[in-house]
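Architecture and fold: a report
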Amino acid sequence: MRAWIGIMALACAFGAQAAPKIAVTDLAYQERVEEYIHTVSAQSNYQAGIYHASGSSSYNEVEATSSYIEQGELRKFSGDIKGEILKSGMFQLIQGKPYTAQSSEDVFDVIKRIKAGHYKGADYVLFGTLSDIDFTRDITALANTDSYSAILGLSLVADFSLINTRTFEITSAFTAMGDGQDTKLVNGQDVKVSLNRPRVVRDVSKSLGEDVARQL
């Protein structure tokens, strides 16, 4: 009996050591940002003397629109992904270096970031990119009543790749989704409806983490 317990203990210890180490990135995103520029400048110059006076003025107005591409990472949705992966017992987690606005690398060039040592000690990097995120808010009248149903919903879709840090091979690729909503019944006298946005975000994060861990 003791021998069997010892063998099982060694097997568990070996299994824990053999679990591959994985770094989970925050969800990368890219979006086009539009900026409207409107500048007005006015200047006047007036001089007066005993026998004469002179003056001049200028006015300049400029309107323009500029656009640029902004890259970054969403920090809100990776916590539950890490938690669900830990629950599965399939991997050990390694903390990677987050992408910042001062980073010179392309947020989507994960191979370059691996080579730069952003995920030291990791056997794999789970790299996620945001495909779609959509907030919806609806108010629907309930038939034969003076009440309404107010709904705040959020859906998030992300693409994931599991990358071997030694060979840079993509060993797994999949799409995962998270969603959540908050619903309240209100009567016609309610002027303002307060829906729980943090709760919706929390539910989306939780369901996304579960979907990622299941597919991983």
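Whatever comes next refers back to the structure up there.
Predicted, not measured: the structure shown is a model, and the values here were computed from it. (Residues numbered from 1 in each chain as written. Predicted model: local features only at pLDDT ≥ 70, side-chain atom pairs only at ≥ 80, totals over all residues. Heavy atoms only, no water.)

1. Points about helix H4 (residues 197–215)
When the terminal C-alpha atoms of H4 are compared, their 27 Å separation across 19 residues agrees well with the 27 Å that a helix rising 1.5 Å per residue should span. Turning to H4, its buried residues are Val200, Val201, Val204, Ser205, Ser207, Leu208, Gly209, Asp211, Val212 and Ala213. For H4, the side-chain oxygen to backbone nitrogen distance between the N-cap and Arg199 is 3.0 Å, and the N-cap itself is Asn196. (Helix = DSSP H or I, 4+ residues; strand = E, 2+ residues; numbered from the N terminus. Expected span 1.5 Å × (residues − 1). Buried < 20%, exposed > 50% of the residue type's maximum accessible area, 1.4 Å probe, protein only. Polar contact = N/O pair within 3.5 Å; in protein donor to acceptor, adjacent residues only side chain to side chain.)

2. Focus on the nonpolar core
Formed by 27 residues in total, the largest nonpolar core has its most connected members in Ile81, Leu126, Phe160, Leu208, Val212 and Leu216. Elements that contribute at least two residues to this core include exactly strand E1 (21–24), helix H2 (79–88), strand E5 (124–141), strand E6 (147–164), strand E7 (170–187) and H4. Non-local contacts of Leu208, meaning those with residues more than four positions away in its chain, are made with Leu27, Phe77, Ile81, Leu156, Ala176, Met177 and Gly178. Grouped together as the second largest cluster of nonpolar side chains are 11 residues, Ala28, Tyr99, Ile114 and Phe127 included. (Core = buried A, V, L, I, M, F, W, Y, C linked by side-chain atoms within 4.5 Å. Contact = heavy atoms within 4.5 Å.)

3. Considerations on the packing of aromatic side chains
Under the defined criterion, the tally for this structure stands at 1 aromatic pair. When the centroid spacing of 5.5 Å and the interplanar angle of 20 degrees are considered together, the rings of Phe160 and Phe174 count as stacked. Linking Phe160 in strand E6 with Phe174 in strand E7, this pair joins segments that are 14 residues apart in sequence. You can call Phe174 buried: its relative accessible area is 9%. Positioned above the aromatic ring of Phe135, the side-chain terminus of Arg197 is 4.1 Å from the ring centre. (Phe/Tyr/Trp six-rings, centres within 6.5 Å; stacked < 30°, edge-to-face > 60°. Lys NZ or Arg CZ within 6 Å of the ring centre and 35° of its normal.)

4. A closer look at the pattern of salt bridges
All told, the structure shown has 6 salt bridges when counted by the stated rule. A salt bridge links Glu84 to Lys206; the nearest nitrogen and oxygen atoms lie 2.9 Å apart. In this pair, Glu84 sits in helix H2 while Lys206 sits in helix H4, placing the two residues 122 residues apart along the sequence. Classification of Lys206 as partly exposed rests on a relative accessible area of 31%. The residue Asp203 makes a salt bridge to Arg202 at a minimum N-O spacing of 3.2 Å. Accessibility expressed as a relative area gives 22% for Asp203, which makes it partly exposed. When salt bridges that share partners are traced, they join Glu84, Lys87 and Lys206 into one network. (Salt bridge = Lys/Arg side-chain N within 4 Å of Asp/Glu carboxyl O.)

Remember, this is a structural readout, not a statement about activity or role.
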